[in-house]
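Analysis of the macromolecular model
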Amino acid sequence: MLEYVLFSLLNSLVLGMLLFMLSSGLTLIFSMMGVLNFAHASFYMLGAYFGYQISTWIGFWPALVIAPLLVGGLGALVERYGLRSLHKYGHVAELLFTVGLFYIIEESVNLIWGRNAVMYPIPTILDFPIFKLLGAEVSAYRMFMLLISMAMFVGLYLVLTRTRIGLIIQAALTHPDGVNALGHNVPAVFMLVFGGGSALAGLAGVIGGIFLITEPAMAATLGPIVFVVIVVGGMGSLTGAFVASLLLAAIQTFAVGIEYSLTDILALFGWQVDTSGFFRDIWRIQLSHTGPILPYLFMVLMLMFRPKGLMGKRES
């Protein structure tokens, strides 16, 4: 039991921080610009593929820097020549644009790298067990992921709350005319924000592509859970995204190891149900089988009872 709890906590932490790395960029874009970027997970996928390709040429460490910059540059171009012209038509036009962009990027990846997963190995310098936990080895790469994730959270928080550019970005969201009157280029600020958010997704892809798998379906796999994270955490709340990432990862991870059915859980509270009726198959479903849908169920409940999320300031 202790082994299950400890490893579930460790896996929850690793998965949660990966989700935060991916959702932080989307949270930043939404909080600063009000744009719900449906193609955000596609930038994550591009980061993984760019990281893979660059690492085969010049190594992992240059890829860790170059790939996010390339993805950020593409994101800035998307905002400058796509979203900026659509902003006057409202959020529906922006959402449809990013939906189309999602499929364009996915098909482009299929054309360039193929439909099969690519071999994106752990860098040799990080491919060793850093310590043992109850006889099982914990890889150094997982600790590296945690370190990068924590550095990203602290860095983003400090930039947005303690620096001049962070204050300008936040002011441009609520008082764009005032910021423009002070001599700041508001459109350039928004382009910087969108590019920066895309670069964060690219960084998550460089790291997460090794930890999970680098394939054309990776955007569609992680994309929905990212939206669950920002809804549960609170639309536009960086701290909320951090908390929600860890919470949802824990829900999924712990559920996978619980081999109890709904009948068994109700029996713990002294409730007996008839397992021979019309709903007999439902009563026998084990909690471990429901792990993938629990975050979405949690999101539905959150929208019903607390629409603004855990730490959100805006009503969704």
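Residues numbered from 1 in each chain as written. Predicted model: local features only at pLDDT ≥ 70, side-chain atom pairs only at ≥ 80, totals over all residues. Heavy atoms only, no water.

Time to look at the environment of Ala117. Within the secondary structure, Ala117 is located in the loop between helix 4 (91-113) and strand 1 (129-133). For the pair Ala117 and Pro216, spaced 99 residues apart in the sequence, the C-alpha separation amounts to 7.3 Å. In contact with Ala117, other than residues within four places in its own chain, are Ile213, Thr214 and Glu215. (Helix = DSSP H or I, 4+ residues; strand = E, 2+ residues; numbered from the N terminus. Contact = heavy atoms within 4.5 Å.)

Turning our attention to the packing of helix 1 (residues 2-33) against helix 9 (residues 218-233). One can describe the packing of helix 1 onto helix 9 by two numbers: an axis separation of 9 Å at closest approach and a directional angle of 70°. As far as their axial angle goes, helix 9 and helix 1 are roughly perpendicular. Considering only the axes of helix 1 and helix 9, their crossing is right-handed. Of the residues in helix 9, those touching helix 1 at Leu19, Leu22, Ser23, Leu26 and Thr27 are Leu222, Ile225, Val226, Phe227, Val229 and Ile230. Grouping the constituent residues of the contact of helix 1 with helix 9 by class yields nine nonpolar, two polar and no charged. (Axes fitted to C-alpha atoms, helices over the stretch in contact; angles between N-to-C directions. Parallel < 35°, antiparallel > 145°, perpendicular 65-115°, else oblique. Left-handed = near helix turned anticlockwise from the far one by under 90°. Nonpolar A, V, L, I, M, F, W, Y, C, P; charged D, E, K, R; others polar.)

The subject of this paragraph is helix 8 (residues 186-211). Here helix 8 is 26 residues long and its end C-alpha atoms lie 38 Å apart, about the 38 Å a rise of 1.5 Å per residue gives. Along helix 8, the largest kink reaches about 25° and is centred on Gly205. Of all 26 residues that make up helix 8, 20 are buried, and the element is covered over most of its length. (Expected span 1.5 Å × (residues − 1). Bend = angle between axes of the 7 residues up to and from the residue. Buried < 20%, exposed > 50% of the residue type's maximum accessible area, 1.4 Å probe, protein only.)

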